[in-house]
Protein chains: 2
Amino acid sequence: MAVDPSIAAEAEAAARRSEEAAEAFFRAAPPLRDRDRVAASVADFVARHSAGSGGAGGPAEGARVICITSGGTTVPLEQRCVRYIDNFASGQRGAAATEYFLKAGYAVIFIYRRGSKQPYCRFLPEDSFLDLFELGEDSEIQVPQSHSTVVKAAISNYRKAIGEGLLLKLPFTTIFEYLQLLQMVATSMNCLGHHGMFFLAAAVSDFYVPWESMAKHKIESAVGPLNMQLNQVPKMLFILRKIWAPSAFCVSFKLETDPNILLQKAEMALKKYGMNVVVANELANYKDVVVMVTSSGRTTVSRSSKEEDLEEQLTELLVKMHLEHIRQPGSEDR
Amino acid sequence: MAVDPSIAAEAEAAARRSEEAAEAFFRAAPPLRDRDRVAASVADFVARHSAGSGGAGGPAEGARVICITSGGTTVPLEQRCVRYIDNFASGQRGAAATEYFLKAGYAVIFIYRRGSKQPYCRFLPEDSFLDLFELGEDSEIQVPQSHSTVVKAAISNYRKAIGEGLLLKLPFTTIFEYLQLLQMVATSMNCLGHHGMFFLAAAVSDFYVPWESMAKHKIESAVGPLNMQLNQVPKMLFILRKIWAPSAFCVSFKLETDPNILLQKAEMALKKYGMNVVVANELANYKDVVVMVTSSGRTTVSRSSKEEDLEEQLTELLVKMHLEHIRQPGSEDR
């Protein structure tokens, strides 16, 4: 079917605007600390896991690498940051998914918010890990019987993932750090072609204060109310899909508090950003049920008990879809 | 010296405005979850530690109770909160002070931001406590020799404080929770008279969005910039001093990024809110040096090496000043 040339021109213009907005964002962002060292560790990780992927002759089940993003990004309101806007996100979903994708044989680049939930640590008491431990009579460290199995499994699984070089952890705090890391990882993973996957569970700010226009010092709490104007963050999903890693399998998330607009917004994101899957979740029950929205329909995923991780089923379905994506390379090229 | 009646009238009017603003804030705030249970645990804790304090005949060195606040408060921008404004504060100072005040014989009510630094856990790697542990040959939990002493001391000190009932921990996230907890603890501690102390190290928001005027659902990231108007949070230090616990020894903190205005603002806070001590610190070097501002002058406290906690010296000085405050009850009555 022929595309209406005016629609095509409009889409092209929108794409150009997005790219310009993204370029302006990165130009103005404060540079990532330790950029060269981080870039080298990412390149090295991808190179080690790229055997068997990408090239047309590689085995479909060969090395698969996933980039999982997790936790909320912050928007500083001052350059020497005391105040910032934050997005609610415990990092539970990304941390759990990391465990299940590692189990499924993936190498995982985990881009996470400092202080958010970590893989294999999700069961821990939130604020006092010391509650888990006791000293024995010879002052050896003991874990109460009730927690022993789970703590030992955590230590052992974590050591295994790190020891086998299957997990690379990259922390961020601000929206500036997050998007620079995502760009770095995505362009680096581009060489993996269809074997690369993105699981974009981080809660990314929609609005930010451009670095140049930001107050240098702490905003004075003088008399009267405070007025703030925030700019929109450029839609980087679009750039990721179009420029950074066009052949990868892309899963993004849509969180809303209002169920009436959720699925409609997920469908929009699917089309607008060319995602392979958009996972729709509601704040009220995101641990219990999600809807996977794809171009071929909707699939509801729910857990049958509080003891289960929803991410176990979700990962299983996504791994299958990713394998199909790898086996039909031509059909998904963009 | 006679006070100018017009100045006294002006001060009285300002006080009334503060009280009205505080009342309006609490009326509109979403009620604390589990309020009754928390209030009972606070009342019980204070009652257990009130022996020997308060009454004129009690021993000056008798039971002393300190309320330490720690970490930053958040300001929700939506009722079903996805986005919020946060204040930078690791909780390092409050967590360290809690350890030193416990060591000095105080009972401590620790009002802390969820996820902030905890007493005896400050040495831990930020995001992966699992890095501290290994499994031995018989799959027993081991701590590498390098960390063994410090981990064992932490477990033992923490168990001791909890076991002896000397530490009560109360978590908060939002400015609404924080101020309701502070009011509850302060009015409960009022019976301790001069034996009560406040160490107000939490980074409290200056601006907030009143609950009624807050968006119910997630703010739409539609086209164009976002405009927000934030109201000032009423100055609760004033109310704490005047109404909640007028005889307690009060230490507040002033953090600025601009050193040129820091001491002047600390002096202002000392007078305006009737604090006993205002600790002035700069974001750039708050772990290395602070200035204690009192009505009788300024004292600089600095640490001589990175291995030291500034809070050790700070606590020592404050404990001495609190004892003087207890021994001269008449002079400090307000």
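Residues numbered from 1 in each chain as written. Chains lettered and ligands numbered in written order. Predicted model: local features only at pLDDT ≥ 70, side-chain atom pairs only at ≥ 80, totals over all residues. Heavy atoms only, no water.

**Quick word on the sheet that holds strand β8 (residues 196–200) of chain A**
Residue and element names in this part refer to chain A.
- Taken together, 8 strands build an open sheet; the order of strands is β7-β4-β1-β8-β11-β12-β13-β14 and the sheet is mixed. Two strands close off the open sheet at either side, each with one partner strand: β7 (167–172) and β14 (297–302). Direction aside, neighbouring strands of the sheet carry axes that sit 15° apart on average.
- Of the pairings in the sheet, the one linking strand β1 (residues 65–70) to strand β4 (residues 107–113) comprises 6 bridges and is parallel in character. Along β4, the bridge assignment pairs V65 with A107.
- Helix α2 (residues 35–48) contacts β1, β4 and β7 of the sheet and is inclined by roughly 150° relative to β7.
- Contacts between helix α3 (residues 92–103) and the sheet are confined to β1, β4, β7, β8, β11 (249–256), β12 (277–282) and β13 (289–294), with β1 contributing the most and set at about 165° to the helix. (Pairing = 2+ DSSP bridges. Helix = DSSP H or I, 4+ residues; strand = E, 2+ residues; numbered from the N terminus. Axes fitted to C-alpha atoms, helices over the stretch in contact; angles between N-to-C directions. Contact = heavy atoms within 4.5 Å.)

**Digging into the sheet that holds strand β10 (residues 226–232) of chain A**
- If you trace the 4 strands from one edge of the open sheet to the other, you get β9(A)-β10(A)-β10(B)-β9(B), paired in antiparallel fashion. Here the strands that pair on one side only, and so sit at the sheet edges, are β9 (207–208) of chain A together with β9 (207–208) of chain B.
- Inspection of the sheet shows β9 of chain A paired to β10 of chain A by 2 bridges, in the antiparallel sense. Paired with Y208 of chain A across the two strands is N231 of chain A, which belongs to β10 of chain A.

**Describing the packing of aromatic side chains**
Residue and element names in this part refer to chain A.
- Applying the stated criterion to the full structure yields 20 aromatic pairs over all chains.
- Both rings, one in F25 and one in F176, keep their centres 5.5 Å apart while their planes meet at 20°; by these two values the pair is stacked. Remark: F176 occurs in helix α5 (residues 175–189) and F25 occurs in helix α1 (residues 5–28); sequence separation between them is 151 residues.
- Since its relative accessible area comes to 2%, F176 is described here as buried. (Phe/Tyr/Trp six-rings, centres within 6.5 Å; stacked < 30°, edge-to-face > 60°. Buried < 20%, exposed > 50% of the residue type's maximum accessible area, 1.4 Å probe, protein only.)

**Let's talk about the pattern of salt bridges**
Residue and element names in this part refer to chain A.
- Scanning the model with the defined rule gives 32 salt bridges over all chains in all.
- Between E19 and K242 there is a salt bridge; the shortest N-O distance is 3.1 Å. One end of the pair, E19, is in helix α1; the other, K242, is in helix α6 (residues 236–244), and 223 residues separate them in sequence.
- For E19, a relative accessible area of 22% gives the class partly exposed.
- By relative accessible area, which is 39% here, K242 ends up partly exposed. (Salt bridge = Lys/Arg side-chain N within 4 Å of Asp/Glu carboxyl O.)

**Details of unusual backbone geometry**
- At D34 of chain A, a position not held by glycine, the phi torsion is positive, near 60°.
- Looking at where D34 of chain A falls in the secondary structure, it is placed in the loop between α1 and α2.

**Some remarks on the nonpolar core**
- Judged by nonpolar contacts, the single largest core of 122 residues is most densely connected at I109 and F198 of chain A together with I109 and F198 of chain B.
- Residue contacts for I109 of chain B: discarding those within four places in its chain leaves F45, V46, V65, I66, C67, I68, L168, L170, V185 and M189 of chain B.
- Counting 74 residues, the second-largest nonpolar core is a separate cluster that includes L130 of chain A together with F133, V301 and L314 of chain B. (Core = buried A, V, L, I, M, F, W, Y, C linked by side-chain atoms within 4.5 Å.)

**Describing the packing of α5 of chain A against α6 of chain A**
All names here are of chain A.
- Running from N to C, α5 and α6 cross one another at 20°; their axes reach a closest spacing of 10 Å. Looking at the two axes, α5 sits roughly parallel to α6. In this structure, α5 crosses over α6, and the sense of that crossing is right-handed. Contacts between α5 and α6 pair L179, L182, Q183, A186 and T187 from the former with M236, L240 and W244 from the latter.
- The residue makeup of the contact of α5 with α6, split by class, is 6 nonpolar, 2 polar and no charged. (Parallel < 35°, antiparallel > 145°, perpendicular 65-115°, else oblique. Left-handed = near helix turned anticlockwise from the far one by under 90°. Nonpolar A, V, L, I, M, F, W, Y, C, P; charged D, E, K, R; others polar.)

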